[in-house]
Structure formats: C-alpha cells, structure tokens
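Chain and residue survey
So the chains spell out like this:
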Amino acid sequence: MVKKKQDVIIVGAGAAGLMLAARLAEGGQSVTILEAGAERQLGDLVSSQIWARKLKWAEPAVSESGDHKIGHAFNAGSGTGGSAIHHYGVWLRMHEGDFSLHKDHGVGLNWPLGYADLTPHYDRVQAEVGLSGDAEQERWRPPGAPYPMPPLPLFAQARVLAKGFENTARHTSPLPLAINSEPYQGRKSCQYDGWCDAGCPTGALGNPLVTWLPRALAAGVHIEHNARVSRVIRSAANPSHIESVEYLQRGIRKTLSAARIIIAAFTVQSVRILLSSATAQHGAPGNHSDKLGRYLMTHPAATVFGLFEEETYPHQGVSAGQLLSHDEYDDKAAAGGFGSSQWMIGHAIKPHDLLGYGTGRPDISGPELEPWLKRAARHLGNMTLVCEDIALPENRITLSDKVDSDGIPYAHTHHDLAPNAAARWTQRMAEGEEIMRAAGAQEVWSGPRIGMHIMGGAVMGDDPAQSVTDRNGRVHETDNLYVAGPALFPSSGAVNPTFTLSALASHQAEHLLATP
Amino acid sequence: MPDNVTRRGLITSTLITGSFLVLGERLTLTPAEATELGFTSDVLSREQLNAIETVAEHIVPGSHRAGIAAYIDSQLNAGENSLLIGKYLGVDTSGQIAFYENLADNLVAALKTEQSVQEIVGALWGDALGTWEGPPSSYMLFVLRADALDVTYGTPEGFEALGIPYMAHIMPETPW
Ligand SMILES: Cc1cc2nc3c(=O)[nH]c(=O)nc-3n(C[C@H](O)[C@H](O)[C@H](O)COP(=O)(O)OP(=O)(O)OC[C@H]3O[C@@H](n4cnc5c(N)ncnc54)[C@H](O)[C@@H]3O)c2cc1C
Ligand code: SF4
C-alpha cells in the first residue's frame, strides 16, 4: 500500500532527525518520521545503570572486526531520542583546524564547509538547546556567541583533579554542557546526582525529548514508532529520484512516499539502509564511487583513575564531568603521534556497570572488594581522554552475509586505528597518569582503550568521486535523498559530535527550507 | 521537569524485580527474594547455577545472597530484552544463552576437580585452566564479575552498603 505523499520523510527520531523535523515543520513542511525503536517518554528514564541498557540499540546486532572496534552495542541507541536520549550533554564546537585536515596535514579528508560556515548554526543551536559554560575561561574555544548559562558548579573531585593540571602547567575550564545550571526555557536546573547516563527525566539535560520533540509535535510532525526502514526505492521513470521508503512495522512491509527523504538513522544504520537499497539495475545510492560505508571513525578514548587521600565524593556532579582541557588540541602534528586530544575531567561515576570503578578493577575481589569499593566511593578521581581518529578508506561499514529476521542483511564494521593516532593516544594516556599523580593520587590506573562515538561512512564533499553527499548532505546523483548525522563527518576532531551534527543539521534545514 | 516526575515523589520502592517460578507459581520478586525462596530455574540447570553462584560469591562476596543465579537465569529468559552486561560487550542476545551455558559448564567441570575455588579463580584470570573451552576464561570471568557487581551493588541497597546516596530521579520499581 502506498500512502499519501509527504513533503519530507525522516528516518530516525534521534538527535539529528528530531531537530530537522522540528525546523522543517516549523518552516511549513509536512514531516513524517519513521523510527525503528519504541516510543519513549521522560518517565522511562529510570535511575539505574542496569535499566539504562534498555535504551540501547538491541537488534539486529552489528558484527565488528579490527584492532579498534566501534563498540556499536554501547554507542548506539534506539527509540524516540535515539542514542541522544541518554547522552551526557558534552557540547563542544569542533576547532577550525578540524575542517581542513588533509589540506593542512596531508592525512584524512577535508570538509566541504569550514568552521565559519557553521558558526551561525552553532550559535543558534546553543541558544535553542541551552548550554552552560564559561567562554572566556575556555581559552581554546573557537569564535562564537558566549554560552547562554553560567557553568555548572564544581564539586570536590574536580577541585582535586584541577591541581594535577595546574601542577603540570596545564589549564582547565568548566566543561561546556547542554545541562541547565539555572532554569532555562521552562526546564529546571540540574540536581547533580550523576544519573545522566541512565537518562535525565527532569529536563535539565537537553536530550531530544525536551528540546526538539515538543517543538516537532507542536508543528505537526507525525512519528511512526517500531517502523524499521529497510531501503529506499528509486523512481522507475527517473532513477536519480527516490520515490519512497520501504519499512517493516510489526511484521508488515509498508512503503511511504515523500518529495524528500532524509536518512538520520545514526552512522551504521544509515549506511546499512543505503547499501541495502541497491537493485539489479542500480547500485546503492551514494555508492557511485565506492565510497559509501568508507571512512568510518570512532574516537580512541580511555579513562584514567586515581585514589586520593582527600575526599572526592565521585557520585556528585554529572556523568559528563566538570572540567575540560584542550591545551594540546590545536597542535595536531606535535611529536609523538598525530591528532587532537581533549580531557573531560571529574565524571560522576557509579561502582558498577561497564564504566564503573568496581568493574574496571578485576584484580580486586573477594574480601578486599567491599572495603575497596567503600574507599573509592569517597576518594576516587577520574577523567577521560578523547583522541582524534583519522578517516581511512579501509575502515568501513559493509553488509554481512547474515540476514536478520526481516531478511535484511546485518551490518558489519571494520575499524583499525591508524598507527599515528594510536601513538597519540598512548602518549596522552601516559601524560594523563602523570597528571593524576601530580594531583596527589596515591594509586593510579587506566581503563582500556575504547571506541567512543561513531562517525563517517557517508562523508560529505564537493567532489562526487571522493564523497557520498554534497555539502548539504544530498546524496550525489540523486535529487531528493539526504543523509543527516555524524555519518556525514569527513573528520572526527577530538570533540564529542552532537553539537556539530546539530549545527550541521541546522545548516541543512536552512538549505532545505530555502530550496523547496 | 514534568509535574508528575519529582525525585521525592518517585522514591517509592527500591525493588529491582523479575518474574520467577517458585513452587509452580510465577511471582514478581527480586533476585534476592527468588534465591531465598528457592526459585525453579527457567534456562540453566541447578548444577550450572550452583557453579555460577560459587565462583561469583568467591569474587564478589554477597552476590549469592543478592541473587546472582536468579538474576542471570531470569535475564537469559528475557531474550532480546536481556540486561546482562554482555549486551554492552557485543554478545549478541541470540547467543547469550550459549555464552552463559558455556561459562557454567566450564565452571561445573572445574569445580569437580581437586582444586580449591581460590585456585580455580586464579587459573581463570590467568587463562591457565587446561580444561577450559570457548572464549578466554579471563574474559568470561570479567563478564561474570560485572554481572555480580550489578546485582550486588547496582541497586539502592548496594549503594547503601557502600555509603553512597542513591539520589534517584525515578526509582527502578517495575520488573526488569
Ligand atoms: C552513553 C552515551 C553518551 C553520549 N554522550 C555524548 C556527549 O556527551 N556528547 C556528544 O556530543 N555525544 C554523546 N553521545 C553520542 C550521541 O548520542 C550521538 O552522537 C548522537 O545521538 C547521534 O545522533 P543521530 O541522530 O545521528 O543518531 P541517534 O541519536 O542514535 O538517532 C538515530 C535513530 O535512528 C533510529 N534508526 C536506526 N535504524 C533505523 C531504521 N532502519 N529505521 C528507522 N529508524 C532507525 C534509531 O533507533 C535511533 O532512534 C553519547 C552516546 C552515548 C551512547
Ligand atoms: S545530574 Fe543533572 S543532568 Fe544528570 S540526570 Fe540528574 S538532573 Fe539530569
């Protein structure tokens, strides 16, 4: 059955999809979102790390290979709000040099846009979502409007860790966060209880349920949940035109048509949908130069821990952390490796769960365990390193031979870390342990290297031979198919991606509204 | 914050529960209660669960009473909705039962030898148990330890035992 034609279909009700939906509908367009996951509300955000696992992308699984896997099971979510429903709210701008990596250093890719193109969108989005921070103390911050809210207060853990940066001649600033330090646009301020990873039900953290969803619904956006898109279908008369999308809802196969289709299903699933859309007559949209799925990136990251004499009370604050250091960010070519890096300092942390301090110390068990956990609960400090990943064509998303229960191939991802990026990570981790000691830690240890955030795979560019979409996210050689989200990123920088993907979506919305 | 979501209003229960079979009747219980009442397992055998309990208790004391065996068995029964830590580690939910069966069978075999639990656990961390089959024993023990930490300390009662204020926005109160 083919239903009535919409102006826009958006696939995925996450950070990018809900934002685009709100903006386009407010601009007068009729928008339907097809979301694979369940409908979620604030009341579903139960304060439990165990419960939080319900918010993750469940099925179909993504198989992974390589020496630095992307960690899809941890990094991806599903349902209204997508992965962003329980994201931590670290909202950082990419730096100017992140946009011209190949031009400046001969590695990776360039963006077709520069920082200046996104600046008005960063400024607009930060006012809409509400960010807390101190632009002046953030000495490394690229130009832009100051934050609309003052920074969050510092708790004992951050004060202790800041000494390590001071004592090694480094700098810190308050971490800029999409978390209210004071009431903002009818949403309350944070209570500093550290439950953000399980999802913030109070509205203090700017997850899409409290930012874009109410606006989208008020502007008439229709959301179909449990609607898993399998592929897009080309028009028989004009193959560069995408006629409709096919989706499965409660076992029933359906199609829906629209003038424009935007795939915002997060990096891996967005590429999976495009790859699955190849037919006997036509290749997958965007794969005209065999670039679809390539340049997959994930930030190499890890946490450094320390135990202090002083009381740090690490349950206080927010999951994201309290302080930021970007001292080495802009010197990508500094000796010892390649790429930018940042520290997020003083996370509110729990004893259990994958990121918990008890889990990360398998050497402590038996009768020693509880006394150690009690000590850590009062005296632990922790901070996370995020390093840059470099876009490599061999790192890619492909379709697996296995098919899911709907008969659609699973996604497979392969990701190896470039040796110079791995060297940078090793170098900075050693520095991190030094900083921890300089802060006075009596015992210092580090967690394993993990993949944090998932980017690339449908990279944007001006040259169709080297990219999947143009600078507006339109898939080359199609006239109405778009991609939104971090799949578009040609480089990763070393900052968390949601502010940039939102600024990019704002830029896309402006383009789409200007060219009806 | 919506009017119906206030912290104090929501702290009504500290229960994290599941559905357990006790004397032929299906009851909503915490893993600790199910253990105390002698639940009937749905997925793993009693022998397998006993082995899991013994080793888990050795590495995370208190996990037996907190209901590690009941927790694992009920989560394996939850299929796609399982909340076991393996979900984060990329253990496909369709392969979870096989994963835990393999872990349990290896532990059953190890516990039948002359070695003490302490010796067995030491060998498991060092991937040095000759009879071990499947993924490395250190990895599987890491997973079991993480599940044991979840059930023992990942609850309001567990936080209290460590002196951490739980400070929930919404207490976990309906079945997992
Ligand atoms: C624990 C955690 C903490 C994080 N913290 C931060 C942070 O502090 N700062 C930051 O910048 N980023 C953070 N992130 C990352 C951030 O959440 C993502 O970068 C962001 O959500 C990506 O936005 P998106 O719209 O592309 O995808 P998502 O928000 O994941 O939305 C994609 C949506 O598409 C749906 N979908 C997928 N496939 C289909 C299909 N076939 N059909 C229909 N719908 C489909 C999914 O169900 C999902 O709802 C965090 C992520 C996690 C998991
Ligand atoms: S600490 Fe703040 S942002 Fe995090 S869940 Fe609690 S109120 Fe929300």
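What counts, and at which threshold
Residues numbered from 1 in each chain as written. Chains lettered and ligands numbered in written order. Predicted model: local features only at pLDDT ≥ 70, side-chain atom pairs only at ≥ 80, totals over all residues. Heavy atoms only, no water. Axes fitted to C-alpha atoms, helices over the stretch in contact; angles between N-to-C directions. Helix = DSSP H or I, 4+ residues; strand = E, 2+ residues; numbered from the N terminus. Parallel < 35°, antiparallel > 145°, perpendicular 65-115°, else oblique. Contact = heavy atoms within 4.5 Å. Nonpolar A, V, L, I, M, F, W, Y, C, P; charged D, E, K, R; others polar. Buried area = accessible area lost by both parts, 1.4 Å probe. Salt bridge = Lys/Arg side-chain N within 4 Å of Asp/Glu carboxyl O. Polar contact = N/O pair within 3.5 Å; in protein donor to acceptor, adjacent residues only side chain to side chain. Buried < 20%, exposed > 50% of the residue type's maximum accessible area, 1.4 Å probe, protein only. Pairing = 2+ DSSP bridges. Near = heavy atom within 4 Å. 1 Å grid on protein atoms, 1.4 Å probe; cavity = no way out; pocket = protein on both sides within 12 Å on 5 of 7 lines; lining within 4 Å. Sits in = over half its atoms within 2 Å of the grid points. Core = buried A, V, L, I, M, F, W, Y, C linked by side-chain atoms within 4.5 Å. pLDDT = per-residue confidence, 0-100. Points joined across faces, edges and corners; volume = space filled by probe spheres on them. Areas by Shrake-Rupley, 256 points an atom, 1.4 Å probe, with all protein chains shown as cover.

Moving on to the packing of helix 3 (residues 46–59) of chain B against helix 7 (residues 117–125) of chain B. All names here are of chain B. One way to put it is that helix 3 packs onto helix 7 with a least axis distance of 10 Å and a crossing angle of 80°. Between helix 3 and helix 7, the angle falls in the class roughly perpendicular. Contacts between helix 3 and helix 7 involve Thr54, Val55, His58 and Ile59 from the former and Val117, Gln118, Val121 and Trp125 from the latter. Taken together, the residues of the contact of helix 3 with helix 7 break down into five nonpolar, three polar and no charged.

This part takes up the interface of chain A and chain B. Taken together, the contact between chain A and chain B spans 46 residues of the former and 43 residues of the latter. Buried area between chain A and chain B, both sides added, is near 4100 Å², and the carbon and sulfur share of it is 64%. Here chain A and chain B share one salt bridge between them. Connecting chain A to chain B are 14 residue pairs in polar contact (both at pLDDT 80 or more).

All names here are of chain A. Among the 11 residues in strand 9 (residues 297–307), 11 count as buried, and that is most of the element. For strand 9 and strand 12 (residues 380–387), the ladder comprises seven bridges, and the chain directions are antiparallel. Paired with Phe305 across the two strands is Asn382, which belongs to strand 12. Strand direction decides the pairing type here: strand 9 and strand 15 (residues 443–446), joined by four bridges, are antiparallel. When the bridges of strand 15 are listed, Phe305 appears paired with Trp445.

Every one of the 14 residues lining ligand 2 counts as a neighbour, but Cys190, Asp193, Cys196 and Cys200 of chain A together with His169 of chain B are closest to it. Per-site note: the chains with residues close to ligand 2 are chains A and B. A majority-of-atoms criterion places ligand 2 in the largest cavity. Within the shell around ligand 2, the residues separate by chemical class into eight nonpolar, five polar and one charged.

One finds Ile10, Ile261, Ile262, Ile263 and Val318 of chain A to be the most contacted residues of the largest nonpolar core, which totals 116 residues. Aside from chain neighbours lying at most four places away, what touches Ile263 of chain A is Val11, Val232, Ser270, Ile273, Leu274, Leu481, Tyr482, Val483 and Ala484 of chain A. Ala376 of chain A together with Leu29, Phe39 and Leu49 of chain B belong to the second largest nonpolar core, which has 68 residues in total.

Turning our attention to the confidence of the model for chain B. All names here are of chain B. For chain B, per-residue confidence averages 86 on the pLDDT scale, and 89% of positions sit at 70 or higher. Confidence, expressed as mean pLDDT per element, reaches its minimum in chain B at helix 1 (residues 7–10) with 32 and its maximum at helix 3 with 97. Model confidence for the complex: the whole-complex pTM is 0.95, and ipTM, which rates the interface, is 0.91.

Looking now at empty space enclosed by the protein. Empty pockets left among the atoms are what a rolling probe the size of a water molecule brings to light. A full pass over the atoms with the stated rule returns five cavities of 30 Å³ or more. Its boundaries defined by the atoms lining it, the largest cavity holds a volume of some 90 Å³. In terms of lining residues, the largest cavity is bounded by 15 residues, among which Cys190, Asp193, Cys196 and Cys200 of chain A together with His169 of chain B are the most central.

Here the focus is the site of ligand 1. Residues and elements named next belong to chain A. Around ligand 1 sit 41 residues, and of these Ala16, Glu35, Ser83, Val229 and Thr498 come closest. Here an oxygen atom of ligand 1 and a side-chain polar atom of Glu35 are 2.6 Å apart. Thr498 places a polar main-chain atom, nitrogen or oxygen, 2.7 Å from an oxygen atom of ligand 1. Notes on ligand 1: free accessible area 1000 Å², of which the protein chains cover 98%.

Our focus in this paragraph is the sheet that holds strand 3 (residues 63–65) of chain A. Residue and element names in this part refer to chain A. A sheet is described by the order of its strands in space; here three strands give the open sequence 3-14-13, paired in mixed fashion. Strands at the two margins of the open sheet, each flanked by one partner only, are strand 3 and strand 13 (396–403). Between one strand axis and the next, the sheet turns by 30° as a mean value, whatever way the strands run. Strand direction decides the pairing type here: strand 13 and strand 14 (residues 409–414), joined by five bridges, are antiparallel. Within strand 14, the position partnered with Arg396 by the bridge is His414. Contacting strand 13 and strand 14, helix 7 (residues 267–275) crosses the sheet at an angle of about 65° to strand 13.

Time to look at the pattern of salt bridges. Side-chain pairs of opposite charge can arise whenever the charged atoms involved come near each other. Residue and element names in this part refer to chain A. Summed over all chains, the structure comprises 29 salt bridges over all chains. Residue Glu328 is joined to Arg170 by a salt bridge in which the shortest nitrogen-to-oxygen separation is 3.3 Å. Of this pair, Glu328 sits in the loop between strand 10 (323–325) and strand 11 (341–345) while Arg170 sits in the loop between helix 5 (156–167) and strand 4 (173–174), and the two are 158 residues apart along the sequence. Residue Arg170 is classed as buried on the basis of its relative accessible area, which comes to 15%. Its salt-bridge partner being Arg170, residue Glu431 comes within 3.5 Å of it at the nearest N-O pair. One end of the pair, Glu431, is in helix 9 (residues 419–438); the other, Arg170, is in the loop between helix 5 and strand 4, and 261 residues separate them in sequence. Arg170 shares its class with Glu431; the two are buried. Several salt bridges converge on common partners, so that one network encompasses Arg23, Glu26, Arg124, Glu128 and Arg215.

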